[in-house]
Amino acid sequence: MKSVQFSVASRREGDAAIIYPKGYLNNLSGENLVIECGIYIGKGITKIVVNFSETDLINSIGISMLLQIIEDLRNIKGTICCTNMSKLLRDTFEMLGLMQHMLVFPVESDALTYLKTGKL
Amino acid sequence: MPFNAIPAEDFLNREPELSYLKGLSKLKANALGGDVFLDGARGMGKTELLKQFYRILFWENNVVPFYYSFKTANLKGTYFAQDYFTGFVRQYISFVKKDPSLASNVAEPLQRLMPAISSLGLYWLIDCIEDFQGHVSKNDFYWQLVAAISAPVMAAQKMGKSVIVMLDDFDAAAHLYESSLGDAHGLISLFGESMRNRRCPHVITGSAGALEPVFTDHSLIGMTERMRLGPLPEDLAMALFRAHLTNLKITCAPGVQLEFLDILRGNPFYIKNLAKAAWKMQKNVIHEKDLIECYSFEVSDGETAFYWASVFSRYVKNPAQRKAMLKLLMHAIENGGIEEGKRLSLVSGLGEAETETLLGALTTSGIIRAKDTVLHDFIHCLYMTEIEGGNANDAREKIEAKYIQEREESFFEMVIPMSSNAELVVAKAVEQIGKNMNLDAEFLNYLQLALIEVCINAIEHSGSYEKKIFLKFITRPDKLEIIVENSGRPFSLESLKEVPVEEKMRLGMKRGWGYKLVHKIMDSVKVERVNDRTRVILTKNIDNGS
Ligand SMILES: Nc1ncnc2c1ncn2[C@@H]1O[C@H](COP(=O)(O)OP(=O)(O)O)[C@@H](O)[C@H]1O
Ligand SMILES: [Mg+2]
């Protein structure tokens, strides 16, 4: 456990947005994540990469917030990619049956390459 | 009988009590007090303190000691009077002649002592004996008792020397009777006269519960004060145990801490018995584990068990009552006492009235309230054999297994508020506990997640006013157990129906995942309702092989 403070940083790369949730992913921070994505979606972005490299602890309520993003992107035929997930995070997503609703890449650059070229 | 005290140097930690007792006759003469009720758990050393005190007084020669034990006394009034009276006469003469053997020789009839008494010039004592025998030959029940009980007062007055009267296990005197048990009430109050005498300080012992009704008898309250005999401090308890072992030619293995002795809570009787058990079990060298083995023997089959069995037998008249008593005691242990207003006949299997009587007796005796682990283990053993029909060996092994396991356990408790991020404090704590246990770092992440889920479930859904979560972490070499409790709305695992993700998305339902994770992470998840609290028990088996 490094920090408990949660913040969301983000940046744009081409037609994709990359989101960096940091710290403890719970209900509050999950909501921030949804808001942050919402802003990009509002600007017409349909490709979102969530880089989890700085997420340490999580809880199910925080994770469930991702459902919102998945759903929003699905409605606009967008894509969500998750990267840099710890084993715990991957396992947890697996346990909750979330994996089939997102694309998972080991690192951010893999996701960006895929989004540019359409190739895995 | 009072002379079988242990050597003074082996008698530990009672200097303040002894020195207070030594001042009693002065206090009494000056009407500043002088009667003591010596209170203390069974085996704590009340009788021994009296015997030590007796020996000191005997050799100091300033005050005459008289000791009488009601424990083994025949409570039929005429027998008692005879026993008490002759006991006093013998002890008095032995004091004057400084011959301890006279006091102990119960076989010698009073008549044979007459020449000695005359040669000592104690003519008043001869009168006294003749008066007493007069009452006996006239079959005068009441006067026999009065004459016997007032003999020490008489002696004090005639000789001008205080007599300290020590009445051990005095509560039994409440049961003095004339021809059949229970036919005479209040004979105990005959002691009031003697207790009021300025030359006769009294030191009495007995269970506080049993003596309370006696002390509401105003003639006996007088100036009695309570002296509480507490446990031996831990270091002295260990020293005493080691001394017993040395006497029995048993040694302690190097580095043995004797930590397990703590269970005996500084009770000298238990300490002695445990040492004897080691001897009976032919131990030559004691390791910590042997203590547990000997202890399990002690509470199932040893002198401690024998002692408690004989105490128990006083309260029951037939096998049905005995079973009922065991059930009630076990019930009290498991529930931390007896609840008011509960239909205990359901527990005891006896009728309402009989249950009440039995419970009353157990309550007065103090047995039911005693916070005595040794007694509880004894009861547990008896329960396993007599109620559950197990055999004695199994019972003993169960006790042994329990303590061997506890020895390897470590135990943490914490309370967190139901406030935001409080669950992270738990996560941090469990991380360190896991590290202490050498648990795999990756697994610890999962464990943290599971605990966070249980805590936030309590925070979000319990509706508790208390707003606290109580956690216990119990670690064993093969298992980690975490107990999470909170007040508020009950919940059950059945109520957490699984909803597939697709469904969740469709319905906009994003909750109820927590326990799904917990189940996947832990080996077992149990939810119980205990009074007004929900208790979640999480266990994880630890595979030491990998
Ligand atoms: N202070 C003490 N130091 C050492 N041994 C003691 C001490 N007090 C009691 N004992 C021993 O413990 C045992 C129990 O004491 P006892 O006086 O019979 O207890 P009680 O009368 O309170 O039930 C006896 O064997 C006694 O010799
Ligand atoms: Mg005693």
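Residues numbered from 1 in each chain as written. Chains lettered and ligands numbered in written order. Predicted model: local features only at pLDDT ≥ 70, side-chain atom pairs only at ≥ 80, totals over all residues. Heavy atoms only, no water.

Scanning chain B for helices and strands turns up 25 helices and 12 strands. Over its C-alpha trace chain B gives a radius of gyration of 31 Å, far above what one expects of a compact globule, namely 24 Å for 546 residues. Considering only intrachain contacts with a sequence separation of at least 6, the fraction spanning at least 24 residues in chain B is 71%. When the accessible surface of chain B is split by element, carbon and sulfur atoms take 52% of a total near 26000 Å². Each charge sign in chain B was given a centre, from 63 positive and 69 negative side chains, and these centres are 2 Å apart. (Helix = DSSP H or I, 4+ residues; strand = E, 2+ residues; numbered from the N terminus. Rg over C-alpha atoms; globule rule 2.2 N^0.38 Å. Contact = heavy atoms within 4.5 Å. Areas by Shrake-Rupley, 256 points an atom, 1.4 Å probe, with all protein chains shown as cover. Lys, Arg positive; Asp, Glu negative; His and termini not counted. Charge placed at Lys NZ, Arg CZ, Asp CG, Glu CD.)

With that settled, the discussion passes to the site of ligand 1. Residues and elements named next belong to chain B. Surrounding ligand 1, one finds 17 residues, the nearest of these being Leu12, Gly43, Thr47, Glu48 and Lys272. Met44 places a main-chain nitrogen or oxygen 3.3 Å from an oxygen atom of ligand 1. Here Lys272 contributes a side-chain N or O atom positioned 2.5 Å from an oxygen atom of ligand 1. Within the complex, the protein chains bury 89% of what would otherwise be the 560 Å² of accessible surface of ligand 1. Only α3 (46–60) and α14 (268–280) provide two or more residues apiece to the shell around ligand 1. The residue inventory of the shell around ligand 1, partitioned by class, reads eight nonpolar, three polar and six charged. A domain split of the shell around ligand 1 shows at least three residues from each of domain 1 (8–228) and domain 2 (234–301). (Near = heavy atom within 4 Å. Polar contact = N/O pair within 3.5 Å; in protein donor to acceptor, adjacent residues only side chain to side chain. Nonpolar A, V, L, I, M, F, W, Y, C, P; charged D, E, K, R; others polar. Domains from an automatic or database assignment.)

Each partner contributes to the interface: chain B provides 28 residues, whereas chain A provides 26 residues. Regarding the contact of chain B and chain A, the summed buried area is about 2500 Å², with carbon and sulfur atoms giving 67% of it. Between chain B and chain A we count one salt bridge in total. A salt bridge links Glu442 of chain B to Lys87 of chain A; the nearest nitrogen and oxygen atoms lie 3.5 Å apart. Counting across the chain B and chain A interface gives six residue pairs in polar contact (both at pLDDT 80 or more). Going through the elements one at a time, α22 (422–436), α23 (441–461), α24 (501–507) and α25 (514–521) of chain B are the ones with two or more residues in the side of chain B that touches chain A. Of the residues forming the side of chain B that touches chain A, the biggest block, nine residues, is contributed by α23 of chain B. When the residues that make up the side of chain B that touches chain A are grouped by side-chain class, the tally is 12 nonpolar, four polar and 12 charged. (Buried area = accessible area lost by both parts, 1.4 Å probe. Salt bridge = Lys/Arg side-chain N within 4 Å of Asp/Glu carboxyl O.)

The next subject is helix α20 (residues 373–387) of chain B. All names here are of chain B. In this model, α20 (15 residues) spans 20 Å end to end at C-alpha, consistent with the 21 Å of a helix rising 1.5 Å per residue. For α20, the complete set of buried residues consists of Val374, Leu375, Asp377, Phe378, Ile379, Cys381, Leu382, Tyr383 and Met384. Packed against the buried residues of α20 are α14, α15 (288–301), α16 (303–313), α17 (319–334) and α21 (392–407). The distance from a side-chain oxygen at the start of α20 to the backbone nitrogen of Val374 is 2.9 Å, and the residue carrying that oxygen is Asp372. In the stretch just after α20, Gly389 is the one whose phi turns positive, near 75°. (Expected span 1.5 Å × (residues − 1). Buried < 20%, exposed > 50% of the residue type's maximum accessible area, 1.4 Å probe, protein only.)

Here the focus is the confidence of the model for chain B. Per-residue confidence for chain B gives a mean pLDDT of 90; residues scoring 70 or more make up 94%. Taken together, the chains of this predicted complex give a pTM of 0.76 and an interface ipTM of 0.89. (pLDDT = per-residue confidence, 0-100.)

If you trace the backbone, Glu453 of chain B turns up in helix α23. The class for Glu453 of chain B is buried, based on a relative accessible area of 2%. Setting aside anything within four residues of it in sequence, one finds Glu453 of chain B in contact with Asn59 and Ser60 of chain A together with Gly514, Leu517 and Val518 of chain B.

Residues and elements named next belong to chain B. Spatial strand order, β2-β3-β4-β1-β5: five strands in an open sheet with parallel pairing. Bordering the open sheet on either side are β2 (64–69) and β5 (224–228), each of which pairs with just one other strand. Each adjacent strand pair in this sheet contributes to an overall mean axis angle of 20°, direction not counted. Pairing between β2 and strand β3 (residues 163–168): six bridges, direction parallel. Bridging across to β3, Val64 finds its partner in Val163. Against the sheet, α3 touches β1 (35–39), β2, β3 and β4 (202–205), its axis set at about 160° to β3. (Pairing = 2+ DSSP bridges. Axes fitted to C-alpha atoms, helices over the stretch in contact; angles between N-to-C directions.)

Evaluated as defined, the whole model comprises zero disulfides over all chains. Unpaired in terms of disulfides, Cys82 of chain A finds its nearest cysteine sulfur in Cys81 of chain A, a separation of 7.6 Å. In this structure Cys128 of chain B is not part of a disulfide, and its nearest cysteine sulfur, from Cys200 of chain B, lies 12 Å away. (Disulfide = S-S within 2.5 Å.)

With that settled, consider empty space enclosed by the protein. Residue and element names in this part refer to chain B. Summed over all chains, the structure comprises one cavity of 30 Å³ or more. If you add up the space inside the largest cavity, you get close to 30 Å³. Elements supplying a minimum of two residues to the lining of the largest cavity: α14 and α15. Split by residue class, the lining of the largest cavity holds five nonpolar, one polar and one charged. (1 Å grid on protein atoms, 1.4 Å probe; cavity = no way out; pocket = protein on both sides within 12 Å on 5 of 7 lines; lining within 4 Å. Points joined across faces, edges and corners; volume = space filled by probe spheres on them.)

Now for the packing of aromatic side chains. All names here are of chain B. Tallied over the entire structure, the rule returns 31 aromatic pairs over all chains. Relative to Phe170, the ring of Phe70 has its centre 5.6 Å away and its plane inclined at 70°; by these criteria the two rings are edge-to-face. Here Phe70 is found in the loop between β2 and α4 (77–97), whereas its partner Phe170 is found in the loop between β3 and α10 (191–196), with 100 residues between them in sequence. Accessibility classification places Phe70 together with Phe170 in one group, the buried group. An aromatic cluster is defined as three or more aromatic residues linked by ring pairs; in this entry it consists of Phe66, Tyr68, Phe70, Phe80, Tyr84, Phe88, Tyr92, Trp124, Phe170 and Phe191. (Phe/Tyr/Trp six-rings, centres within 6.5 Å; stacked < 30°, edge-to-face > 60°.)

Before going further, it helps to spend a moment on the sheet that holds strand β9 (residues 468–476) of chain B. Through backbone hydrogen bonds, the strands of a sheet pair up, either in parallel or in antiparallel fashion. All names here are of chain B. The five strands lie next to each other as β8-β9-β10-β12-β11, forming an open sheet whose pairing is antiparallel. The sheet terminates laterally at β8 (410–417) and β11 (524–530), the two strands that pair on one side only. Recorded for the sheet is a direction-independent mean angle of 15° between the axes of neighbouring strands.

The subject of this paragraph is the packing of helix α7 (residues 123–137) of chain B against helix α8 (residues 141–149) of chain B. Two numbers describe a pair of packed helices, the interaxial angle and the distance between the axes. All names here are of chain B. Contact geometry of α7 with α8 gives a least axis separation of 8 Å together with a crossing angle of 160°. Comparing their axes, α8 and α7 come out roughly antiparallel. Relative to α8, the crossing made by α7 is left-handed. From α7, Phe132, His135 and Val136 reach across to α8, where they touch Trp143, Gln144, Ala147 and Ala148. (Parallel < 35°, antiparallel > 145°, perpendicular 65-115°, else oblique. Left-handed = near helix turned anticlockwise from the far one by under 90°.)

Attention shifts here to the confidence of the model for chain A. Residues with a pLDDT of 70 or more make up 94% of chain A, whose mean pLDDT is 89. Averaged over each element, pLDDT in chain A is lowest for strand β4 (residues 55–58) of chain A (88) and highest for strand β5 (residues 79–83) of chain A (96).

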